[in-house]
Amino acid sequence: MTTAQIISGKQVSDEIRQNLKTEVESLAEQGCVPGLAVVLVGEDPASQVYVRNKAKACEDLGFYSEVHRLEADTSQEDLLELVHKLNEQSNINGILVQLPLPKQIEEKAIINAIAPSKDVDGFHPVNVGNLVIGDDSLLPCTPAGVIELIKHTGIEISGKHAVVIGRSNIVGKPVSMLLQRENATVTMCHSRTANMKELTRQADILVVAVGRANFVDASYIKPGAVVIDVGINRLETGKLAGDVDFESASSVSGPITPVPGGVGPMTITMLMKNTLLAAKRAHGLS
Ligand code: GUN
């Protein structure tokens with residue numbers, strides 16, 4: 001039976017959005033309206049849902065937004081041209097090109113073309129580099145959301161042993177950098193890690209981003225540890241499952257995120273936060 005505290009990403013996200021909304025209202029009085037451009041190439045159904053949700057979030061929070069929907073056979077050249085145009089547009093502070101892109105387009109070329117000051121995904125090498133050396137940057141949204149959720153539990157990150165399973169560029173690596181920045185001692189685990197459970201059982205904070213349904217169960221977890229599940233996997237039954245077997249894990253863990261309703265709701269909220277920050281910097285207000 002679950003006795004663990006469930007960390008509600010929805011609730012934390014709603015609180016942050018409320019604060020963002022208030023800040024946007026006062027910025028608008030100073031003539032600064034944050035603007036986000038979202039670019040979707042093709043008709044991937046999951047991407048369409050994400051893009052709609054991003055536009056909706058902009059509307060709810062009082063941001064200006066533009067959605068650019070391009071044909072699936074758009075050339076890399078045409079997409080680059082749009083990115084360059086958005087880089088120059090003063091009413092746009094954040095540019096998000098929805099991934100994955102069709103195969104005729106090289107993702108890296110597109111990410112590198114986005115002005116680092118407008119890279120609200122935090123994927124540009126300049127922002128990644130600034131994250132690593134601890135300079136101001138736009139932080140990648142899902143990793144930043146993970147840190148917010150851990151902080152929300154009230155547990156001090158400094159001095160704790162954090163174990164991250166997964167070393168992707170969009171989650172595992174940046175999460176580990178952010179945890180180090182919060183003064184955690186960080187261990188990275190991945191598909192070639194020997195004796196993974198020996199390591200994860202030492203974790204005060206366990207972040208799981210492997211993309212395999214129910215990969216982590218109670219046997220990986222130190223009693224009372226904070227568990228953050230970044231996975232979203234679609235099972236054959238159509239149900240969503242995280243990378244953590246919630247029933248099993250929550251029988252020993254401390255505060256733990258559910259899927260859905262954990263990390264998921266935080267990602268767009270952190271995107272809005274980045275866009276607001278980019279707008280403030282563009283107006284010399286931060
Ligand atoms: N596709 C799935 N997640 C993301 C994300 O965070 N950013 C972008 N640009 N595309 C995605």
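How each quantity is defined
Residues numbered from 1 in each chain as written. Predicted model: local features only at pLDDT ≥ 70, side-chain atom pairs only at ≥ 80, totals over all residues. Heavy atoms only, no water. Pairing = 2+ DSSP bridges. Helix = DSSP H or I, 4+ residues; strand = E, 2+ residues; numbered from the N terminus. Axes fitted to C-alpha atoms, helices over the stretch in contact; angles between N-to-C directions. Contact = heavy atoms within 4.5 Å. UniProt positions renumbered as here; feature names shortened; annotations may be inferred. 1 Å grid on protein atoms, 1.4 Å probe; cavity = no way out; pocket = protein on both sides within 12 Å on 5 of 7 lines; lining within 4 Å. Points joined across faces, edges and corners; volume = space filled by probe spheres on them. Nonpolar A, V, L, I, M, F, W, Y, C, P; charged D, E, K, R; others polar. Near = heavy atom within 4 Å. Polar contact = N/O pair within 3.5 Å; in protein donor to acceptor, adjacent residues only side chain to side chain. Areas by Shrake-Rupley, 256 points an atom, 1.4 Å probe, with all protein chains shown as cover. Parallel < 35°, antiparallel > 145°, perpendicular 65-115°, else oblique. Left-handed = near helix turned anticlockwise from the far one by under 90°. Buried < 20%, exposed > 50% of the residue type's maximum accessible area, 1.4 Å probe, protein only. Expected span 1.5 Å × (residues − 1).

- An unreviewed UniProt entry annotates the protein as Bifunctional protein FolD originating from Saccharibacillus kuerlensis.

**Considerations on the sheet that holds strand 2 (residues 64-70)**
Within a beta sheet, neighbouring strands are joined by backbone hydrogen bonds and run either parallel or antiparallel to one another.
Then step 1. In space, the 3 strands of this open sheet follow the order 2-1-3, with parallel pairing throughout. At either margin of the open sheet sits one strand with a lone partner, and together these are strand 2 and strand 3 (94-97). Between one strand axis and the next, the sheet turns by 15 degrees as a mean value, whatever way the strands run.
Then step 2. In this sheet, strand 3 lies alongside strand 1 (residues 35-41) in parallel orientation, the contact comprising 4 bridges. The residue bridging Ala 37 from the neighbouring strand is Ile 95, located in strand 3.
Then step 3. Across the sheet, helix 2 (residues 45-61) is in contact with strand 1, strand 2 and strand 3; its angle to strand 1 comes to roughly 165 degrees.
Then step 4. Along the sheet, helix 10 (residues 264-282) contacts strand 1 and strand 3; its crossing angle with strand 1, the most-contacted strand, is approximately 130 degrees.

**Some remarks on the UniProt feature "domain: Tetrahydrofolate dehydrogenase/cyclohydrolase NAD(P)-binding" (unreviewed entry) in the protein**
Then step 1. The residues that UniProt annotates with the feature "domain: Tetrahydrofolate dehydrogenase/cyclohydrolase NAD(P)-binding" (unreviewed entry) are residues 140-282.
Then step 2. Secondary structure across residues 140-282 comprises 35% helix and 15% strand; the distance between its end C-alpha atoms is 19 Å.

**Quick look at empty space enclosed by the protein**
Then step 1. Taken as a whole, this structure holds 1 cavity of 30 Å³ or more when the rule is applied.
Then step 2. Empty space within the largest cavity amounts to approximately 70 Å³.
Then step 3. Sorting the residues of the lining of the largest cavity by element identifies strand 3 and helix 4 (107-113) as the ones contributing at least two each.
Then step 4. Tallying contributions element by element places strand 3 first for the lining of the largest cavity, with 3 residues.
Then step 5. Among the residues making up the lining of the largest cavity, the classes are represented as 9 nonpolar, no polar and 2 charged.

**A closer look at the site of the ligand**
Then step 1. Around the ligand, the surrounding shell consists of Leu 96, Val 97, Gln 98, Leu 99, Asp 121 and Phe 123.
Then step 2. Contact distances for the ligand include 2.6 Å between a nitrogen atom and a side-chain N or O atom of Asp 121.
Then step 3. The fraction of the free accessible surface of the ligand (270 Å²) that becomes covered by protein chains is 76%.

**Re the packing of helix 1 (residues 9-29) against helix 10**
Then step 1. Two numbers describe how helix 1 lies on helix 10: the axes approach to 9 Å, and their chain directions differ by 20 degrees. When the axis of helix 1 is compared with that of helix 10, the two are roughly parallel. Seen from above, helix 1 lies across helix 10 with left-handed handedness. Touching Gly 9, Lys 10, Val 12, Ser 13, Ile 16, Arg 17, Leu 20, Glu 23, Val 24 and Leu 27 of helix 1 are Pro 265, Met 266, Ile 268, Thr 269, Met 272, Lys 273, Leu 276 and Lys 280, all from helix 10.

**A look at the side chain of Thr 153**
Then step 1. Considering the arrangement of structural elements, one finds Thr 153 in the loop between helix 6 (141-152) and strand 4 (161-165).
Then step 2. On the basis of relative accessibility, which here comes to 16%, the residue Thr 153 falls in the buried class.
Then step 3. A polar contact is formed between the side chain of Thr 153 and the backbone oxygen of Ile 150, at a distance of 2.5 Å.
Then step 4. Apart from the residues within four sequence positions on either side, Thr 153 is in contact with Ile 7 and Pro 255.

**Comments concerning helix 6**
Residue pairs spaced three or four apart in an α-helix point in one direction, given the helix's 3.6 residues per turn.
Then step 1. For helix 6, built from 12 residues, the straight-helix expectation of 16 Å at 1.5 Å per residue is met to within 8% by its first-to-last C-alpha distance of 16 Å.
Then step 2. For helix 6, the tally of buried residues reaches 9 of 12 residues, placing the bulk of the element in the interior.
Then step 3. Those residues of helix 6 that are buried are in contact with helix 1, helix 7 (172-181), strand 6 (205-208), strand 7 (226-229) and helix 10.

**Brief notes about the environment of Leu 99**
Then step 1. Tracing the chain through its elements places Leu 99 in the loop between strand 3 and helix 4.
Then step 2. For Leu 99, the residues in contact, after removing those within four places along its chain, are Ser 47, Glu 107, Ile 111 and Phe 123.

**A few points about the sheet that holds strand 4**
Then step 1. In spatial order, the strands read 5-4-6-7; together these 4 strands make up an open sheet with parallel pairing. The two strands at the open ends of the sheet, each matched to only one other strand, are strand 5 (185-189) and strand 7. Neighbour-to-neighbour, the strand axes of this sheet turn through a mean angle of 15 degrees, independent of strand direction.
Then step 2. Taken together, the 4 bridges between strand 4 and strand 6 define a ladder with parallel strand orientation. Following the sheet pairing, Ile 165 is matched in strand 6 by Val 208.
Then step 3. Strands strand 4, strand 5 and strand 6 of the sheet are contacted by helix 7, whose axis makes an angle of about 165 degrees with strand 5.

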